Amino acid sequence: MPTFSQILSKPSIFKDRNVLSPHYVPDILPFREEQIEKIMNWVAPALKNERARNIFVYGKTGTGKTASVRHVMKKFEEEKQPACTCYMNCRIYNSRYRVLQKITKDFIPEMDKAGFGVATLYEKILAWISGGSRRLIIVLDEVDMVGDLDELMYTLTRANDDLKHGSLSIIGISNKLDFKNVLDPRSRSSLCETEMVFAPYTPSQLQAILLQRSQMGFGQDAVDESAINLAAAIAAQETGDARYALRLLLKAGEIADEHSLMHISDKEVEDARKNVDSDIAAEIIATLPDQQQLVLYAASALSLSGSKYAKLFAASDDEDGRFLASGEVYEEYTRACKAFKRKKRSSRWYREYLNDLEMLGLITMVESGPGMRGHTRLIKVGYPPLQIKALIEKNFVHGKVMAAEDEDAGGTQEKL
Ligand SMILES: Nc1ncnc2c1ncn2[C@@H]1O[C@H](COP(=O)(O)OP(=O)(O)OP(=O)(O)O)[C@@H](O)[C@H]1O
Ligand SMILES: [Mg+2]
């Protein structure tokens, strides 16, 4: 058994692991200088006692939206003015009430208790802004997660009309490109007063970002140039996502540490990719609604036990014979619903669930060729079925059985 001091003195490839964490915001964000400068220009009026513009920032995941806005906020907070910012992630602050509560909690300590209504919170915030002639900028990251966004926008816009002194502005951030279409035209026009799009990074931009971080995070020459290029190429092929690229680099470092290597080559990046991909799949699966999990479970179970039509598929271009017919997966799904005591949904819903799973890259689907009677969809599971099956079993057995009982209780109440 090693001692702690032995463990701690074990050499590591990392110089500063922290800089590779997804929460770290570097001081310099290459390729985003232009966006940062524009946002600075748009919020600068707040520093000379005018209202800043509302800004809506959107772009695909991992394109540096959060990092850039936080960078601007940091600079902004360094200026000593009655201007201030309040950042929140709307995954957590996902309603008008929670957003208002967060603002009061950050700035008005005596309100740090639950139990106030929306109207009271609103009044207190207005009094606080007006009392100090403040210029408040609220950053709503992942703003599409706010359930009653129209109401929130209405309240925040109205605040500016009600305020005698000071003002309130909003920076909304989202990676759901079409989400603003569901907004009420009035909230859309106030949220999207000024818009900015973040484009995905190109392979060479990702290379530069990875190089910057690897120099900060690892010892000198610890990472092969070709390993960086490989990680950048993999991430660029996915979606130009810097978060994914950095995750590959971090995982490659961890793999190197596990094998006591002081060097990262292509091999560690390749291994990291497999690891990171199944981690990401596990994260996606864990947040899937029950029904989609059950369909995915059925497809994985059937992939393991083998399709009835395996011979037919083997003759077609499905070399590994892993395709399943949609109908047999539905039968397996029916059995899974029984086993996990869930309500079975109609085949119309089932087809929707398949589409959801395909969108998330958890399965792939093709139309059956001439070898099969009629037209059926063929399904293939995108990740090792054994792992997926075990993961979903765990979700149901350890995390969700209680939920099923609650649902039943809800159902009985409804009837009363
Ligand atoms: N230009 C850049 N230079 C250095 N690091 C960057 C750059 N852009 C993004 N990153 C890093 O990539 C990761 C993801 O960036 P960020 O969180 O800003 O993405 P995002 O656009 O907000 O994505 P999402 O829509 O998923 O929230 C972070 O760790 C961030 O530090
Ligand atoms: Mg973000």
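The paragraphs below set out a description of the structure included in this document.

Rules used throughout
- Residues numbered from 1 in each chain as written.
- Chains lettered and ligands numbered in written order.
- Predicted model: local features only at pLDDT ≥ 70, side-chain atom pairs only at ≥ 80, totals over all residues.
- Heavy atoms only, no water.
- Pairing = 2+ DSSP bridges.
- Helix = DSSP H or I, 4+ residues; strand = E, 2+ residues; numbered from the N terminus.
- Near = heavy atom within 4 Å.
- Polar contact = N/O pair within 3.5 Å; in protein donor to acceptor, adjacent residues only side chain to side chain.
- Areas by Shrake-Rupley, 256 points an atom, 1.4 Å probe, with all protein chains shown as cover.
- Nonpolar A, V, L, I, M, F, W, Y, C, P; charged D, E, K, R; others polar.
- Salt bridge = Lys/Arg side-chain N within 4 Å of Asp/Glu carboxyl O.
- Buried < 20%, exposed > 50% of the residue type's maximum accessible area, 1.4 Å probe, protein only.
- Axes fitted to C-alpha atoms, helices over the stretch in contact; angles between N-to-C directions.
- Left-handed = near helix turned anticlockwise from the far one by under 90°.
- Contact = heavy atoms within 4.5 Å.

### Some points on the sheet that holds strand β8 (residues 377–381)
So, point 1. Within the open sheet, the three strands sit side by side as β6-β8-β7. Their pairing is antiparallel. Edge positions in the sheet fall to β6 (324–325) and β7 (363–367), since each of these pairs with one other strand and no more.
So, point 2. The pairing of β6 with β8 spans two bridges and is classified as antiparallel. The partner of Ala325 across the bridge, within β8, is Leu378.

### A look at the site of ligand 1
So, point 1. Surveying the vicinity of ligand 1 reveals 22 residues, the closest of which are Pro30, Thr61, Lys65, Thr66 and Tyr201.
So, point 2. In the environment of ligand 1, a nitrogen atom lies 2.7 Å from a nitrogen or oxygen atom belonging to the backbone of Pro30.
So, point 3. Take Ala67: an N or O atom from its main chain is 2.8 Å from an oxygen atom of ligand 1.
So, point 4. Considered on its own, ligand 1 offers 630 Å² of accessible surface; in the complex 95% of this is hidden by protein.
So, point 5. At the level of elements, α3 (65–78), α8 (203–217) and α10 (242–258) are the ones that each hand at least two residues to the shell around ligand 1.
So, point 6. For the shell around ligand 1, the class distribution of residues is 10 nonpolar, seven polar and five charged.

### A closer look at the pattern of salt bridges
So, point 1. Applying the stated criterion across every chain yields a total of 16 salt bridges.
So, point 2. Ionic pairing is found between Arg158 and Asp162, a salt bridge with its closest N-O pair at 3.2 Å. One end of the pair, Arg158, and the other, Asp162, are both in helix α6 (residues 149–162), four residues apart, so they sit about a helical turn from each other.
So, point 3. With a relative accessible area of 35%, Arg158 lands in the partly exposed category.
So, point 4. Ionic pairing is found between Lys274 and Asp271, a salt bridge with its closest N-O pair at 3.7 Å. Placement of the pair is Lys274 and Asp271 together in helix α11 (residues 266–286), with a separation of three residues, close to one helical turn.
So, point 5. What makes Lys274 exposed here is its relative accessible area of 57%.
So, point 6. Through salt bridges that share partners, Arg17, Lys251 and Glu254 make up one connected network.

### Concerning the packing of helix α9 (residues 225–238) against α10
So, point 1. Two elements in contact, α9 and α10, have axes separated by 9 Å at closest approach and are oriented at 145 degrees. The two elements α9 and α10 meet at a crossing, and its hand is right-handed. Contact residues: Ala231, Ile234, Ala235 and Glu238 in α9; Tyr244, Ala245 and Leu248 in α10.
So, point 2. Across the contact of α9 with α10, the residue classes tally to six nonpolar, no polar and one charged.

In short, the description is geometric, and any link to function would need to be established separately.
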